[in-house]
Structure formats: C-alpha cells, structure tokens
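Structural characterization, general
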Amino acid sequence: MSEPELSHAGLNLGDTGALTQDQAENAIFGFWIFLMSDAVIFALLFATYGTMIASTVGGPTPASEFKLLPAFVETLLLLTSSATFGRATIAMKYDEPRRVLFGWLGATLGLGLVFLALEANDFATMFAHGAYPMRSGFLSSFFALVGLHGLHVAVACFWLVVMVGQVCAYGLDARVRINLLRLGLFWHLLDIVWIAIFSVVYLQGNIG
C-alpha cells in the first residue's frame, strides 16, 4: 500500500498540480506573518501588564482577585482543545471518515466554549468585587490582556463553526484544507499565549 502524497506539513492535497501547491505555501506563509504580528500585540500587552501590576491605587490586588484553581481548569481545557484540534488535523490529512473529523472539531468547539464560559464567570466575579477595568492601571492592563485573548478564542470558535459549514458545502478540497490548517495554527497560538498568561498573571499573582 503506497503512502499518501504529502505536499505540505499537515495537508494532503493530492494530485492538485504545482499551482495549488504554490498557493498553499503562500497562504500558510502569509498566515504565519499575521500570527507573528498578533504575537507582537500580546507581547506589548504583557509588557504593559508587567509595568502596571503594582498600580492598584488601594483597590483590588492580584492576590485578592486571582483564583488559581479556575485558571488551572481553564488551562487544561485549552490544552485539551489543542490536542483535539491536532487529532482533527490528522483526520483531515489522512482522509479519515467525515464523521471523525466533525467529532474532533465538535470536541474542540465544546472545550473552547466551556473555557469562554468559565472566563466570563471569572470576570463577573471580579466585577462583583468592584474589580473593573477603570478601577486601576493594574485592572486596565489585566482586562486588556486577558480580555483580548478571550476575544481571540471567541473568534476562533466562530471560525471553527464556519469551517464546519465549508466542509459540508464544499468537501475537503484544497482551499478548505488550507483554511483548516490556518485555523489550527491560530488555535495553537492562543494556547501558547494562555500558558504565558497563566504563568505570568495567575501564578505570579497568587505567589505575590
């Protein structure tokens, strides 16, 4: 049994011609540029948070507001979602039955939505304690960093739903495969950013 033709890491475009292969390379490279620009934005927000963490002006502090257990559960959810998306990519790459791909994408979406629900509950609890963005520089920088990440996760969940619709409408043609791979890169970047948030924001806040 011959091995499938693998023209790009994470993709099995089959016999689609040199033009499609070049388009795949350009699409993935261009998306990497976008991801790096997004990473720069998060790096700036991390730097801002680091300079503002002590600016509580007598209000809520990291130690009083950050709960390590919920943040740890949210971390596990995102890490698991990265694994399920990776499994969906394998299902796409090796042309496994469509229901397998949909199952792993559905699991990824479910984990992402649960993460967003838990994070929204965390924010609501902080608001109930009077810890809202305008209260201090520390809280402004916290909500800017963590809130932007949450917004990215929400966009990724919506994008995932759109991709399921594209698979249903167009099948797994080259364009859909490329779009799924780009979504996977985006999803994995959000997991990496969250690990940094968990380490720098939540762990440091509880230790402090």
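Note: the structure precedes this text.
Residues numbered from 1 in each chain as written. Predicted model: local features only at pLDDT ≥ 70, side-chain atom pairs only at ≥ 80, totals over all residues. Heavy atoms only, no water.

What follows concerns the pattern of salt bridges. Considering all chains together, one arrives at 2 salt bridges under this definition. The partner of Arg87 in a salt bridge is Glu96, with the nearest N and O atoms 3.1 Å apart. Close ionic contact of Arg177 with Asp95 constitutes a salt bridge, the shortest N to O distance being 2.4 Å. Linking Arg177 in helix α6 (residues 174-207) with Asp95 in the loop between α3 (68-93) and α4 (98-128), this pair joins segments that are 82 residues apart in sequence. With relative accessibility at 7%, the residue Arg177 sits in the buried group. Residue Asp95 is classed as partly exposed on the basis of its relative accessible area of 44%. (Salt bridge = Lys/Arg side-chain N within 4 Å of Asp/Glu carboxyl O. Helix = DSSP H or I, 4+ residues; strand = E, 2+ residues; numbered from the N terminus. Buried < 20%, exposed > 50% of the residue type's maximum accessible area, 1.4 Å probe, protein only.)

The subject of this paragraph is the packing of α4 against helix α5 (residues 137-170). Two packed helices can be described by the angle between their axes and the distance between those axes. The geometry of α4 relative to α5 is characterised by a closest axis approach of 10 Å and an angle of 155° between their N-to-C directions. Put simply, α4 runs roughly antiparallel to α5. Both α4 and α5 take part in a crossing whose hand is left-handed. Residues of the contact of α4 with α5, tallied by class, amount to 22 nonpolar, 5 polar and 2 charged. (Axes fitted to C-alpha atoms, helices over the stretch in contact; angles between N-to-C directions. Parallel < 35°, antiparallel > 145°, perpendicular 65-115°, else oblique. Left-handed = near helix turned anticlockwise from the far one by under 90°. Nonpolar A, V, L, I, M, F, W, Y, C, P; charged D, E, K, R; others polar.)

Helix length check: α3 (26 residues) gives 37 Å between terminal C-alpha atoms against 38 Å at 1.5 Å per residue, within 8%. Count one or two residues on from α3 and you reach Asp95, which has phi positive near 55°. (Expected span 1.5 Å × (residues − 1).)

Attention now moves to the environment of Arg177. Each C-alpha atom, one on Arg177 and one on Ala24, is 9.3 Å from the other, the two residues being 153 residues apart in sequence. There is a polar contact of 3.0 Å between the side chain of Arg177 and the backbone oxygen of Leu172. (Polar contact = N/O pair within 3.5 Å; in protein donor to acceptor, adjacent residues only side chain to side chain.)

Next up on the list: unusual backbone geometry. The phi torsion of most residues other than glycine is negative, and most of the peptide bonds are trans. The phi angle at Val57 is positive, at roughly 40°, despite the residue not being glycine. The topology assignment puts Val57 in the loop between α1 (17-52) and α2 (62-65). Look at Val57 and you get exposed, because its relative accessible area is 62%. With phi around 55°, Asp95 is a residue other than glycine that occupies positive phi space.

Further remarks concern the packing of aromatic side chains. Under the criterion given, the structure shown has 17 aromatic pairs. A ring pair is formed by Phe31 and Trp159, whose centres lie 5.9 Å apart and whose planes are at 70°; its orientation type is edge-to-face. Of the two residues, Phe31 is situated in helix α1 and Trp159 in helix α5; the sequence distance between them amounts to 128 residues. Owing to a relative accessible area of 22%, Trp159 belongs among the partly exposed residues under this scheme. Three or more aromatic residues joined by ring pairs make a cluster, and in this case those are Tyr49, Phe66, Phe115, Phe123, Phe127, Phe138, Phe142, Phe143, Trp194 and Tyr202. Arg175 extends its terminal NZ or CZ atom over the ring of Tyr170, reaching a point 4.6 Å from the ring centre. (Phe/Tyr/Trp six-rings, centres within 6.5 Å; stacked < 30°, edge-to-face > 60°. Lys NZ or Arg CZ within 6 Å of the ring centre and 35° of its normal.)

The next thing to look at is the packing of α3 against α4. Between α3 and α4, whose axes approach to 8 Å, the crossing angle comes to 160°. Here α3 is positioned roughly antiparallel relative to α4, judged by the angle of their axes. For the crossing formed where α3 meets α4, the hand is left-handed. Counted by class, the contact of α3 with α4 contains 17 nonpolar, 4 polar and 4 charged residues.

Now for the nonpolar core. Counting residues in hydrophobic clusters, the biggest one holds 55 residues, and the most contacted among them are Phe142, Ile197 and Tyr202. For this core, the secondary structure elements donating two or more residues are α1, α3, α4, α5 and α6. The element best represented in this core is α6, accounting for 16 residues. Setting aside residues no more than four positions away along its own chain, Phe142 makes contact with Tyr49, Phe66, Phe123, Met126, Gly147, Val201 and Tyr202. (Core = buried A, V, L, I, M, F, W, Y, C linked by side-chain atoms within 4.5 Å. Contact = heavy atoms within 4.5 Å.)

These results come straight from atomic positions and should not be treated as a statement about function.
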